[in-house]
Amino acid sequence: MIKQNKNEVNTNSNYNLKNNKFNSNGGEIHIGDKIHQEIKDNSVSYELNIQDNTFIENFSKYITKKLGDKKVAIWGLIELITGLISVFSSLNSFFDNISFTWLPNFPKTIGIIFLIVGIILLLAGVVFLNSLKYKKDTTCEKCNKEYAYLQYKNPLVREVETREGTRKNIIEYLECRYCHDKIERKHHKIIPYEEESDI
Ligand SMILES: [Zn+2]
């Protein structure tokens, strides 16, 4: 069963709002997606589009089948660590003024190679670890099948101004493609005000 807080969304009102909106404090809020409602308690709700996870899902299925979950985790970590080492090793090649005495000092061309290889390794590490996380996150809580959850409607975001920054409360609506069990998954992130002012 899906629990829905009826106070949160009123999809009929304020549908014509454009990207910019003023909240009750008079501050301007920039939001890229559809705004559905402005709530009296100084928060704004809007929907995100359903995420396309085709790449990470296909990669996750492929790599976990080929190596097994444990090896994917180990390789992911190795890639992250060697990627970081490689990027750090290149730093002295680019900064003449600031020299990191504890790091090697390669000629610029070798530094560039270290930097590129490092970035590739870092990206590979992130993709490896994310593919494991994706597998875990999409395993059905009821029937236990892997790669089961799909978003069946747009995730809902509610933004609240807090002292630390804008807190984004996100609700994802997921349905198992096998047993059709529906769940809501809530998470949040806080965007500090300094980052927002650059937008
Ligand atoms: Zn299921």
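The present account deals with the structure reproduced in this document. This one's a predicted model, so the numbers in the text were calculated from it and none came from an experiment.

Concerning the packing of helix α1 (residues 54-67) against helix α3 (residues 108-137)
Right, on to step 1. At a minimum axis distance of 9 Å, the contact between α1 and α3 shows a crossing angle of 95°. Between α1 and α3, the crossing angle belongs to the class labelled roughly perpendicular. Here Ile56, Glu57, Phe59, Ser60, Ile63 and Thr64 of α1 come into contact with α3, specifically with Val127, Phe128, Asn130, Ser131, Tyr134 and Lys135.

Examining the environment of leucine 67
Right, on to step 1. In this fold, leucine 67 is placed in helix α1.
Right, on to step 2. Residue leucine 67 is classed as partly exposed on the basis of its C-beta count, with 14 C-beta atoms lying within 10 Å.
Right, on to step 3. Excluding residues within four positions of it along the chain, leucine 67 makes contact with Val72 and Trp75.

Some remarks on the nonpolar core
Right, on to step 1. Grouped together as the largest cluster of nonpolar side chains are five residues: Cys140, Ala148, Tyr149, Leu174 and Cys176.
Right, on to step 2. Contacts of alanine 148, omitting those with residues within four sequence positions, involve Thr138, Thr139, Cys140, Cys176, Arg177 and Tyr178.

Describing the packing of helix α2 (residues 69-94) against α3
Right, on to step 1. Relative to each other, α2 and α3 sit at 155°, their axes nearing to 7 Å. Between α2 and α3, the crossing angle belongs to the class labelled roughly antiparallel. Crossing of α2 against α3: the hand is left-handed.
Right, on to step 2. Here the contact of α2 with α3 is built from residues that sort into 18 nonpolar, 11 polar and three charged.

Details of the pairing of strand β6 (residues 165-176)
Right, on to step 1. As paired strands, strand β5 (residues 149-161) and β6 are joined by 10 bridges and run antiparallel to one another. Its bridge partner being in β6, leucine 156 is matched across the sheet by isoleucine 171.
Right, on to step 2. In textbook terms, the turn of a hairpin is the stretch between consecutive antiparallel strands, and for β5 and β6 this stretch comprises three residues.
Right, on to step 3. Inspection of the sheet shows β6 paired to strand β7 (residues 182-192) by 11 bridges, in the antiparallel sense. Following the sheet pairing, arginine 167 is matched in β7 by isoleucine 190.

Basis of the calculations
Residues numbered from 1 in each chain as written. Predicted model: local features only at pLDDT ≥ 70, side-chain atom pairs only at ≥ 80, totals over all residues. Axes fitted to C-alpha atoms, helices over the stretch in contact; angles between N-to-C directions. Helix = DSSP H or I, 4+ residues; strand = E, 2+ residues; numbered from the N terminus. Parallel < 35°, antiparallel > 145°, perpendicular 65-115°, else oblique. Contact = placed C-beta atoms within 7 Å. Buried ≥ 20, exposed ≤ 12 C-beta atoms within 10 Å, placed from the backbone. Core = buried A, V, L, I, M, F, W, Y, C linked by C-beta atoms within 7 Å. Left-handed = near helix turned anticlockwise from the far one by under 90°. Nonpolar A, V, L, I, M, F, W, Y, C, P; charged D, E, K, R; others polar. Pairing = 2+ DSSP bridges.

Such coordinate-based values are descriptive only and should not be taken to indicate function.
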